[in-house]
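# Notes for the structure review
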Amino acid sequence: MIDKIYVTKTERGTFLAATKESPYFCLEADTEDVLKDKVRDLISFYDASQGVRFVSPSHEFVSTQFIPTAIIRRDELMAAG
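To start, this report covers the structure provided alongside it. (Residues numbered from 1 in each chain as written. Predicted model: local features only at pLDDT ≥ 70, side-chain atom pairs only at ≥ 80, totals over all residues. Heavy atoms only, no water.)

## Some remarks on the nonpolar core
Within soluble globular proteins, side chains that are nonpolar generally end up buried alongside one another. Definition in use: Here the nonpolar core consists of buried residues drawn from Ala, Val, Leu, Ile, Met, Phe, Trp, Tyr and Cys, with membership extended through side-chain atoms lying within 4.5 Å. When a residue's accessible area, from a 1.4 Å probe over protein chains only, is under 20% of the maximum for its type it is buried; when over 50% it is exposed; and in between it is partly exposed. Comment: elements are numbered from the N terminus, with helices defined as DSSP H or I runs of at least four residues and strands as E runs of at least two. For this analysis, residues touch if any pair of their heavy atoms sits within 4.5 Å.
Ranked by size, the top nonpolar core spans 13 residues in total, and within it Ile5, Ala17, Phe25, Leu35 and Val39 carry the most contacts. Taken together, the elements giving at least two residues each to this core come down to β1 (4-9), β2 (15-18), β3 (26-29) and α1 (32-48). Examining the composition of this core, we find that three residues originate from one element, α1, more than from any other. The contacts of Ile5, once residues within four sequence positions are left out, are Ala17, Ala18, Thr19, Phe25, Val39, Ile43, Ala70, Ile71, Ile72, Arg74 and Leu77.

## Quick look at the pairing of β2
Going by this rule: When DSSP finds at least two bridges between two strands, those strands are taken to pair.
Where burial is concerned, the two faces of β2 agree: the one with Phe15 and Ala17 and the one with Leu16 and Ala18 are both buried. Two strands pair when backbone bridges link them, and β1 and β2 are joined in this way by four bridges, in the antiparallel orientation. Counted as the bridge partner of Tyr6 is Ala18 from β2. Counting the residues that bridge the hairpin from β1 to β2 gives five residues, and of these Gly13 lies at a positive phi of roughly 95 degrees.

## So, α1
Put simply, the rule is: In a helix, the anticipated span is given by 1.5 Å times the number of residues less one. By definition, the arc is the one covered by directions from the helix axis to the C-beta atoms.
When the terminal C-alpha atoms of α1 are compared, their 24 Å separation across 17 residues agrees well with the 24 Å that a helix rising 1.5 Å per residue should span. Among all positions in α1, only Leu35, Val39, Arg40 and Ile43 are buried. What you see down the axis of α1 is that its buried residues fit within an arc of 135 degrees, all on one side. Opposite the buried face of α1, by more than 90 degrees, sit the exposed residues Asp33, Asp41, Phe45 and Ala48. For α1, the elements touching its buried residues are β1, β2, β3 and α2 (74-80).

As structure tokens, this is what we get:
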């Protein structure tokens, strides 16, 4: 279960959030607040869906460099929502 969400601002000015633990995700938003809302929604959906097996029909690997500028703790993010 994820404990930390890694956040960075892209060269285009958008914000990215990614995890290194399940549930694995990478989300993008125009603002950091919208990004945090998206992460909260995803975590809430994942928590409510425990026991459901999600299967991806295909996997696509995208190679990129992600250097986080902030780390958000899951418990703090969810408490703020």
